[in-house]
Amino acid sequence: MQYKNLKTRLIGKNIIFYEVIDSTQLEILRKIENNQIENGTIIIANKQTNGKGTHGRIWHTEKNNIAFSIYLNTNCSIEKLKGLTLKIAQILVGIFQDKYEIALDIKMPNDLIYNQKKVGGILTQTKIVGEIAKYIVIGIGINTNQQAFPKQIEGIATSIKDEFNLTVDNTEIIEEFCYYLEQELYKKKVLSAL
């Protein structure tokens, strides 16, 4: 997987790609536990077998959709992370508007919706010690090109392909997102200037 147009200083300098994995979020947490992860690492999967949603739910990811997680050393006050999940959702909505003229809605605080069906989700997990957020793991799942869903969610989930009959360039979306997220985190001083 090539991410040649990534215009970030930190995020994505180390990218690990899996064709199939249980969960990008779980893989980052395992690497943290084993002290095997660099700041700014992104883990991307073409398919997840046990993707993580909020409240312990499973996030279904078939091939050729967006599924990735980012690891960031933050070491900042938890106050600085306030509203971050919503900001992430707004960044994603902005990218789809700019690139494809698609207007997605946000279901507070972490779902991307179209036509009252879920298109994407955001999962942020933070390690907090006292008032300090030591690190944050940001997981993003977006149904871009999926056309069939498991029975239990087919009435509540949809994809960009299903709704608009267009093929999304997943790499481009990830590159754009990482750039805008990094800008936001430097602005809020969540990340220190390099």
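As the structure is a computational prediction, the values presented were derived from the model and not from experiment. (Residues numbered from 1 in each chain as written. Predicted model: local features only at pLDDT ≥ 70, side-chain atom pairs only at ≥ 80, totals over all residues. Heavy atoms only, no water.)

*Asks:* Got a minute to help me understand the packing of aromatic side chains in this structure?
*Replies:* All told, the structure shown has five aromatic pairs when counted by the stated rule. Between Phe 68 and Phe 177, the ring centres sit 5.8 Å apart and the planes meet at 70°, which makes this aromatic pair edge-to-face. A residue pair is termed long-range when its members are at least 10 positions apart, and Phe 68 in strand 4 (residues 66-77) and Phe 177 in helix 4 (residues 170-187) qualify at 109 residues. Phe 177 sits in the buried class, given a relative accessible area of 0%. (Phe/Tyr/Trp six-rings, centres within 6.5 Å; stacked < 30°, edge-to-face > 60°. Helix = DSSP H or I, 4+ residues; strand = E, 2+ residues; numbered from the N terminus. Buried < 20%, exposed > 50% of the residue type's maximum accessible area, 1.4 Å probe, protein only.)

*Asks:* Whenever I open this one, the packing of helix 2 (residues 84-100) against helix 4 confuses me. Can you help?
*Replies:* A pair of packed helices is captured by two measures, namely the crossing angle of their axes and the spacing between those axes. For the pair helix 2 and helix 4, the least separation of the axes is 10 Å and the interaxial angle reads 135°. For the element pair helix 2 / helix 4, the angle class is oblique. Viewed along their axes, helix 2 and helix 4 form a crossing whose handedness is right-handed. Of the residues in helix 4, those in contact with Leu 84, Lys 87, Ile 88, Ile 91, Leu 92, Ile 95, Phe 96, Lys 99 and Tyr 100 of helix 2 are Glu 172, Ile 173, Glu 176, Phe 177, Tyr 180, Leu 181, Glu 184 and Leu 185. Class assignment of the residues belonging to the contact of helix 2 with helix 4 gives a composition of twelve nonpolar, no polar and five charged. (Axes fitted to C-alpha atoms, helices over the stretch in contact; angles between N-to-C directions. Parallel < 35°, antiparallel > 145°, perpendicular 65-115°, else oblique. Left-handed = near helix turned anticlockwise from the far one by under 90°. Contact = heavy atoms within 4.5 Å. Nonpolar A, V, L, I, M, F, W, Y, C, P; charged D, E, K, R; others polar.)

*Asks:* Which parts of the structure should I look at to understand the pattern of salt bridges?
*Replies:* Pairing between side chains of opposite charge can happen when the charged atoms of each approach one another. The full count for this structure, using the stated rule, is eight salt bridges. Note that Glu 176 is salt-bridged to Lys 99, the shortest N-O span being 3.7 Å. Within this pair, whereas Glu 176 is found in helix 4, its partner Lys 99 is found in helix 2, the two being separated by 77 residues in sequence. Shared partners join several salt bridges into a network, and the residues in it are Asp 22, Glu 27, Arg 30 and Lys 31. (Salt bridge = Lys/Arg side-chain N within 4 Å of Asp/Glu carboxyl O.)

*Asks:* Quick question: what am I supposed to make of helix 1 (residues 24-33) here?
*Replies:* Since the α-helix advances by 3.6 residues per turn, residues separated by three or four positions end up pointing in the same direction. Of the residues making up helix 1, those classed as buried are Thr 24, Gln 25, Glu 27, Ile 28, Lys 31 and Ile 32. An end-on view of helix 1 places all buried positions within 165° of arc, on one side of the element. The residue sitting at the N-terminus of helix 1 and contributing the capping side-chain oxygen is Ser 23; that oxygen lies 3.2 Å from the backbone nitrogen of Gln 25. The first or second residue beyond helix 1 is Asn 35, which carries a positive phi of 55°. (Arc of directions from axis to C-beta. Polar contact = N/O pair within 3.5 Å; in protein donor to acceptor, adjacent residues only side chain to side chain.)

*Asks:* So what exactly am I meant to see when it comes to the side chain of Asp 111 here?
*Replies:* Relative to the assigned elements, Asp 111 resides in strand 6 (residues 111-114). Asp 111 sits in the buried class, given a relative accessible area of 11%. One polar contact links Asp 111 to Lys 118, side chain to side chain, over a distance of 3.0 Å. If near-sequence neighbours (up to four positions away) are discounted, Asp 111 is found in contact with Asp 105, Ile 106, Lys 118, Gly 120 and Gly 121.

*Asks:* What is the right way to look at the environment of Ala 133 in this model?
*Replies:* Relative to the helices and strands, Ala 133 is located in strand 8 (residues 132-142). Residues Ala 133 and Cys 76, 57 residues apart in the sequence, show an inter-C-alpha distance of 5.4 Å. If sequence neighbours within four positions are ignored, Ala 133 has contacts with Thr 74, Asn 75, Cys 76, Ile 78, Leu 81, Thr 126, Lys 127 and Ile 128.

*Asks:* Please clarify how unusual backbone geometry should be interpreted in this entry.
*Replies:* Across the chain, the bulk of peptide bonds are trans and the bulk of non-glycine residues have phi less than zero. Residue Met 108 is joined to Pro 109 through a cis peptide bond whose omega torsion reads -10°. Relative to the assigned elements, Pro 109 resides in the loop between strand 5 (105-107) and strand 6. With a phi close to 50°, Asn 75 is a non-glycine residue in the positive phi region. In this fold, Asn 75 is placed in strand 4.

Function cannot be inferred from these measures alone, as they are strictly geometric.
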